[in-house]
Amino acid sequence: MAGIKKSSSELGRITPDEYAAGERSKVVLVVDSVRSLHNVGSFFRTADAFDIEAVWLCGITATPPNRDIHKTALGAELNVEWRYFDKCTDALAELRSKGYGLYCVEQTFGSVMLGDFEVAPDGRYALVMGNEVDGVSQEAVDMCDGAIEIPQSGVKHSLNVSVAAAVVLWHFYERMHLR
């Protein structure tokens, strides 16, 4: 038997004020030119779940407040810090100046498989997610310190961008918090 489901009151949720006062993992999710508002909402909800520092939205990516983002984020966009940049490269330059390692989540020659990527528990990371069709721009890839690839089977070798972000953020969360 899997057990009895917990009620909302039994989940031990913290308040938005407690969340704001807490310390975040030094991980910034950089979202470059993602079209789907539902994907953007999902990034916020996942960022909240895995306690990351911020979501930086770039290019054509929509920003809060937005009804469709809110619908998927379930209000997480109100708690997770976010910023907007016209150009992803400007966001990456700022993060590099602040000491973050820059890693795109992309299939490249020389990419490191996610399970082989060593996450330092006290590290500072910027993870770049790209457009649903074109992926991370080559210009952004060129600025990164490396590329992380999610191993996949099947025919497509492609995940929805918000699903891919969740997989990668779980990997970082596990290594920064649970080990």
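See above for the structure.
First, a word on what this report is: a plain description of the structure on this page.

Quick word on the environment of F172
Tracing the backbone shows F172 in helix α6 (residues 161–178). Residues F172 and V27 lie 145 residues apart in sequence; the distance between their C-alpha atoms is 8.4 Å. Sequence-distant contacts of F172, defined by excluding residues within four places in its chain, comprise V27, F117, V119, Y125, L127 and I148.

Here's the deal with the pattern of salt bridges
This structure, assessed with the given rule, holds 7 salt bridges. E94 is the salt-bridge partner of R83, the closest N and O atoms lying 2.5 Å from each other. Placement of R83 in strand β3 (residues 81–85) and of E94 in helix α4 (residues 88–97) is noted, with a sequence separation of 11 residues between them. By relative accessible area, which is 30% here, R83 ends up partly exposed. Given the relative accessible area of 21%, E94 is considered partly exposed. The closest approach of N and O atoms between R96 and D145, which form a salt bridge, is 3.0 Å. Of the two residues, R96 is situated in helix α4 and D145 in the loop between α5 (138–143) and β7 (146–149); the sequence distance between them amounts to 49 residues. On the accessibility criterion, R96 (38% relative accessible area) is partly exposed. Taking the relative accessible area as the measure of exposure, D145 reaches 42% and is therefore partly exposed. Each of the salt bridges in this network shares a partner with another, and the network as a whole consists of R83, E94 and K98.

Some thoughts on the nonpolar core
Within the largest apolar cluster, 35 residues are counted, with the highest numbers of intra-cluster contacts made by L29, F44, V55, L127 and F172. Within the residue set of this core, elements represented by two or more residues are β1 (25–32), α2 (37–49), β2 (52–58), α3 (67–73), β4 (101–105), β6 (125–129) and α6. At 7 residues, α6 tops the list of elements feeding residues into this core. Leave out the neighbours within four places in its chain, and L29 touches F43, I52, A54, V55, W56, L127, M129, A165 and L169.

About the cut-offs
Residues numbered from 1 in each chain as written. Predicted model: local features only at pLDDT ≥ 70, side-chain atom pairs only at ≥ 80, totals over all residues. Heavy atoms only, no water. Helix = DSSP H or I, 4+ residues; strand = E, 2+ residues; numbered from the N terminus. Contact = heavy atoms within 4.5 Å. Salt bridge = Lys/Arg side-chain N within 4 Å of Asp/Glu carboxyl O. Buried < 20%, exposed > 50% of the residue type's maximum accessible area, 1.4 Å probe, protein only. Core = buried A, V, L, I, M, F, W, Y, C linked by side-chain atoms within 4.5 Å.

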